[in-house]
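Here is how the chains run, residue by residue.
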Amino acid sequence: LVLTLTSISARRAVATWQRILTNSAGRVTFTAISFTDELFGVVGSRGQDSVWVTTDGGTTWRGSALPGMPPGGITQIRMVDHVHGWLTGELGVGGGKKTPSLYETTDGAKTWRAKPPADLATDVYQTGNTVLVANRDTLGTITGYISTNGGTTFSGNILRCTNGIAFVDPMH
């Protein structure tokens, strides 16, 4: 699959599709996307070329640094604004050590840093200072997390297995 963006002409009201990004292997499976407006967006994929950022509506893209993250498995990217955002990934366990699966950016998705807890995280949502982290662990051994201080600290044992988090406004 390749990422495509819809372009709609106001005069003809016709949607058109155009290929705008492929990874270095020439193909990619995109698994997450977050645009804050028509120009700034971040996409995630499986594989070594994992995160890409555009500031011009998809005309150009640059890679984003994910230190310590093994290839593949991005499940959600949620940019709060042009500077701050979150990324989750089903990255599993390697060599008996849990791989971080929650990352935060505070520099416009140029870099990402791992955030505790180092458990399976598959979705994230932020409204105000509240950050919710969910997972789809069907065995129920890992639960979701909540932060009420913008992601500085998290408390566990909320949100049993869920496939996503979405709100229509800050209260609902």
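Residues numbered from 1 in each chain as written. Predicted model: local features only at pLDDT ≥ 70, side-chain atom pairs only at ≥ 80, totals over all residues. Heavy atoms only, no water.

Engineer: Could you give an account of the overall build of the protein chain, naming the residues involved and the relevant values?
Structural biologist: When you go through the protein chain residue by residue, the secondary structure sums to 0 helices and 16 strands. In the protein chain, which comprises 172 residues, the share counted as buried stands at 41%. By sequence separation, contacts in the protein chain at least 24 residues apart represent 40% of the contacts at least 6 residues apart. Roughly 9,300 Å² of accessible area belongs to the protein chain as shown, and the carbon and sulfur atoms make up 54% of that amount. (Helix = DSSP H or I, 4+ residues; strand = E, 2+ residues; numbered from the N terminus. Buried < 20%, exposed > 50% of the residue type's maximum accessible area, 1.4 Å probe, protein only. Contact = heavy atoms within 4.5 Å. Areas by Shrake-Rupley, 256 points an atom, 1.4 Å probe, with all protein chains shown as cover.)

Engineer: Could you give me a rundown of the pairing of strand β5 (residues 51–54), with the residues and numbers involved?
Structural biologist: The side-chain alternation of β5 yields two buried faces, one formed by Val51 and Val53 and the other by Trp52 and Thr54. Summarising the sheet, β5 and strand β6 (residues 62–63) pair through 2 bridges and their orientation is antiparallel. Its bridge partner lying in β6, Val53 is registered against Arg62. (Pairing = 2+ DSSP bridges.)

Engineer: Quick rundown of the sheet that holds strand β8 (residues 85–89)? Include the residues and the values.
Structural biologist: Hydrogen bonding along the main chain pairs the strands of a sheet, whether they run parallel or antiparallel. Reading across from one edge, β7-β8-β11-β12 is the order of the 4 strands in this open sheet, with antiparallel pairing throughout. For this open sheet the edge positions go to β7 (74–79) and β12 (113–114), each flanked by a neighbour on one side alone. Bridging between strand β11 (residues 102–105) and β12 involves 2 bridges; their strand directions are antiparallel. The residue bridging Tyr103 from the neighbouring strand is Ala114, located in β12.

Engineer: I'd like to hear about the side chain of Thr54, residue by residue, with values.
Structural biologist: Tracing the backbone through its elements, the reader meets Thr54 in strand β5. A distance of 2.8 Å separates polar atoms of two side chains, one belonging to Thr54 and the other to Asp56. From its side chain, Thr54 meets the backbone nitrogen of Gly58 in a polar contact 2.8 Å long. Discounting chain neighbours no more than four positions away, the residues touching Thr54 are Phe35, Leu39, Phe40, Gly41, Thr59, Thr60 and Trp61. (Polar contact = N/O pair within 3.5 Å; in protein donor to acceptor, adjacent residues only side chain to side chain.)

Engineer: I'd like to hear about the pairing of strand β13 (residues 123–127), residue by residue, with values.
Structural biologist: Across the 5 residues of β13, 4 count as buried, placing the element largely inside the fold. The sheet contact formed by β13 and strand β14 (residues 130–134) spans 5 bridges and is antiparallel. In the sheet register, Thr127 faces β14, and the bridge partner there is Thr130. Here β13 folds back onto β14 in antiparallel fashion, the turn holding 2 residues, of which Gly128 has a positive phi close to 60 degrees.

Engineer: Can you break down unusual backbone geometry residue by residue, with the values?
Structural biologist: We note that Ala109 has phi near 70 degrees; this positive angle belongs to a residue other than glycine. Structurally, Ala109 is set in the loop between β11 and β12. Look at Ala109 and you get buried, because its relative accessible area is 0%.

Engineer: Before we move on, could you go through the side chain of Thr75 and cite the residues and values that matter?
Structural biologist: As for its placement among the helices and strands, Thr75 is situated in strand β7. A distance of 2.7 Å separates a polar atom in the side chain of Thr75 from a polar atom in the side chain of Thr88.

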